[in-house]
Amino acid sequence: MLNKKDQYVVAVVGATGAVGQEMVEVLEERKFPVKELRLFASERTAGETLTFQDRSLTVQLLTKDAFAGVDIALFSAGEEVSREYAPIAVSAGAVVIDNSAEWRMNPDVPLVVPEVNAEAVAGFRKKGIIANPNCSTAQLVVVLKPLHDKAKIKRVVVATYQSVSGAGKDAMDELFAQTKAIYTASDIETKTFPKRIAFNLIPHIDVFMEDGYTKEEWKMMVETKKILDPKIRLTATCVRVPVFIGHSEAINIEFEEPLSAEEAREILRTAPGCLVIDKREPGGYVTPYECVGEDATYISRIREDPTVENGLVLWCVSDNLRKGAALNAVQIAECLINRKLIQAKKRAA
Ligand SMILES: NC(=O)c1ccc[n+]([C@@H]2O[C@H](COP(=O)([O-])OP(=O)(O)OC[C@H]3O[C@@H](n4cnc5c(N)ncnc54)[C@H](OP(=O)(O)O)[C@@H]3O)[C@@H](O)[C@H]2O)c1
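These numbers were taken from a predicted model, which means no experiment stands behind them.

Peer 1: In this structure, what is going on with the overall build of the protein? I would like to understand it.
Peer 2: Each helix and strand counted, the protein has 9 helices and 14 strands in total. Dimensions of the protein, computed from the C-alpha atoms along their principal axes, are close to 65 × 55 × 40 Å. The burial tally for the protein puts 54% of its 349 residues in the buried class. Put simply, of all contacts in the protein between residues at least 6 apart along the chain, 67% involve residues at least 24 apart. If the 44 positive side-chain charges of the protein are averaged to one point and the 49 negative ones to another, these points end up 4 Å apart.

The following block contains the structure:
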């Protein structure tokens, strides 16, 4: 239960983006104790309006003076903006919760998924920043954590099926425009993605690294270790699919101890942030379309892997804009409040 005695001045940086707009919605839905909400973006969309609690708020241009009096700054405007402006926000007295990859692996910045390592938020004091993981990592660790507690995970092999909203609003527009172009026999334009995404899929997200993995795959590896357990070995293949919202993952897990599919199902049924829908019949599983606007990570297709000792295979889907970004960020802010780690600034009446 959120302590709502104090009210906070909250800034959303990147408010007009796919994640930023969801943040504004989540703050309202969860009745976050907002005294004042300030919205920021670049000159591209500054001046636009967004609705919060039936009020129309004008998005302002992000400047160095934006953070005076701000208690909590939620950033989702990309790495460059976070690199430059997060320290400015901290100097102005705000706690930053950052969605970009900029600070995630900094040893002085906690990387937090509240269902998994809520206690880590206390480490925010070193830099004044808390990082949100990559969207595909967030839903993965929500599922792995309760299973790891029971039977200790040794190794994970994961294939992702990631929606275009994970690449932002321009990417969503691109899928829409390409789909329309195909139906109207017009020229297909490719800008955000390296190849056509409509009626296709692309086994490449973020840049390539020297070892042949993509950075998205590397992020899943290192972030899982940082959030859950450095001993877990993980290999990922990340694939972009023509779905607007909702990431899916096929996860193969090898444990130290035996764990049956039935036991795993029972554990996940009561695990925080998890919902199990797993009927072994047509339609008895959750697809990304069905998780849009939902907070939970849905788990289906839980079964034993007979090809390894102590192996399980499962399927999970989650709304990447929510658990993968906006919801997780707001949950982190709630943790800070509930643990009395921040206080609203004293203001003159
Ligand atoms: N989408 C996801 O599922 C997801 C999940 C986890 C993390 N993230 C991370 O969250 C961040 C935002 O992602 P997104 O998907 O919301 O992207 P997006 O839809 O492209 O939105 C980007 C937002 O940042 C603003 N912005 C860009 N440059 C700016 C600048 N120089 N100054 C101020 N504002 C600026 C944009 O405003 P203008 O339009 O005015 O430029 C827009 O509001 C990225 O770092 C991404 O990696 C995204």
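Peer 1: Teacher, can you tell me more about the packing of helix α1 (residues 18-29) against helix α9 (residues 322-338) here?
Peer 2: Each pair of packed helices gets described by two things: the angle between the helix axes and the distance between those axes. One way to put it is that α1 packs onto α9 with a least axis distance of 9 Å and a crossing angle of 50°. With respect to α9, the element α1 is oriented oblique. In this structure, α1 meets α9 at a crossing whose hand is right-handed. Residue-level contacts link Val19, Glu22, Met23, Val26, Leu27 and Glu29 of α1 to Arg322, Ala325, Ala326, Leu327, Ala329 and Val330 of α9. Class assignment for the residues of the contact of α1 with α9 results in 9 nonpolar, no polar and 3 charged.

Peer 1: Please clarify how unusual backbone geometry should be interpreted in this entry.
Peer 2: A positive phi is found at Gln53, a non-glycine position, where the angle reads about 50°. Relative to the elements of secondary structure, Gln53 occurs in the loop between β3 (49-52) and β4 (55-58). Judged by relative accessible area, which is 33%, Gln53 ranks as partly exposed.

Peer 1: Help me understand the sheet that holds strand β13 (residues 297-304) in this model?
Peer 2: Through backbone hydrogen bonds, the strands of a sheet pair up, either in parallel or in antiparallel fashion. Taken together, the 6 strands give an open sheet; going across it, the order is β10-β9-β11-β14-β13-β12, and neighbouring strands pair in mixed fashion. Each edge of the open sheet carries a strand with a single partner, namely β10 (233-240) and β12 (274-276). Sheet twist, expressed as the mean angle between neighbouring strand axes with direction ignored, is 25°. Strands β12, β13 and β14 (311-318) of the sheet are contacted by helix α7 (residues 261-269), whose axis makes an angle of about 165° with β13.

Peer 1: When you look at the site of the ligand in this model, what are you seeing that I'm missing?
Peer 2: Around the ligand sit 27 residues in total, of which Thr16, Val19, Ser42, Thr45 and Lys169 are the nearest. In the environment of the ligand, an oxygen atom lies 2.9 Å from a nitrogen or oxygen atom belonging to the backbone of Val19. Between an oxygen atom of the ligand and a side-chain N or O atom of Asn320, the distance comes to 3.1 Å. Considered on its own, the ligand offers 900 Å² of accessible surface; in the complex 81% of this is hidden by protein. When residues of the shell around the ligand are traced back to their parent elements, those giving at least two are α1 and α9. Tallied by class, the residues present in the shell around the ligand amount to 10 nonpolar, 14 polar and 3 charged.

Peer 1: What is the right way to look at the packing of aromatic side chains in this model?
Peer 2: The relative placement of two aromatic rings is captured by the distance of their centres and the angle of their planes. A full pass over the atoms with the stated rule returns 4 aromatic pairs. Both rings, one in Tyr161 and one in Trp315, keep their centres 5.5 Å apart while their planes meet at 55°; by these two values the pair is tilted. Of this pair, Tyr161 sits in strand β9 (residues 153-162) while Trp315 sits in strand β14, placing them 154 residues apart in sequence. In this structure Tyr161 comes out as partly exposed when scored by relative accessible area, which is 32%. Judged by centre distance (5.9 Å) and plane angle (80°), the ring pair of Tyr183 and Phe199 falls under edge-to-face. On the criterion of sequence distance, the pair formed by Tyr183 in helix α5 (residues 169-183) and Phe199 in the loop between α5 and α6 (215-227) is long-range, its members being 16 residues apart. Phe199 carries the same exposure label as Tyr183, and that label is exposed.

What counts, and where the lines are drawn
- Residues numbered from 1 in each chain as written.
- Predicted model: local features only at pLDDT ≥ 70, side-chain atom pairs only at ≥ 80, totals over all residues.
- Heavy atoms only, no water.
- Helix = DSSP H or I, 4+ residues; strand = E, 2+ residues; numbered from the N terminus.
- Buried < 20%, exposed > 50% of the residue type's maximum accessible area, 1.4 Å probe, protein only.
- Contact = heavy atoms within 4.5 Å.
- Lys, Arg positive; Asp, Glu negative; His and termini not counted.
- Charge placed at Lys NZ, Arg CZ, Asp CG, Glu CD.
- Axes fitted to C-alpha atoms, helices over the stretch in contact; angles between N-to-C directions.
- Parallel < 35°, antiparallel > 145°, perpendicular 65-115°, else oblique.
- Left-handed = near helix turned anticlockwise from the far one by under 90°.
- Nonpolar A, V, L, I, M, F, W, Y, C, P; charged D, E, K, R; others polar.
- Pairing = 2+ DSSP bridges.
- Near = heavy atom within 4 Å.
- Polar contact = N/O pair within 3.5 Å; in protein donor to acceptor, adjacent residues only side chain to side chain.
- Areas by Shrake-Rupley, 256 points an atom, 1.4 Å probe, with all protein chains shown as cover.
- Phe/Tyr/Trp six-rings, centres within 6.5 Å; stacked < 30°, edge-to-face > 60°.

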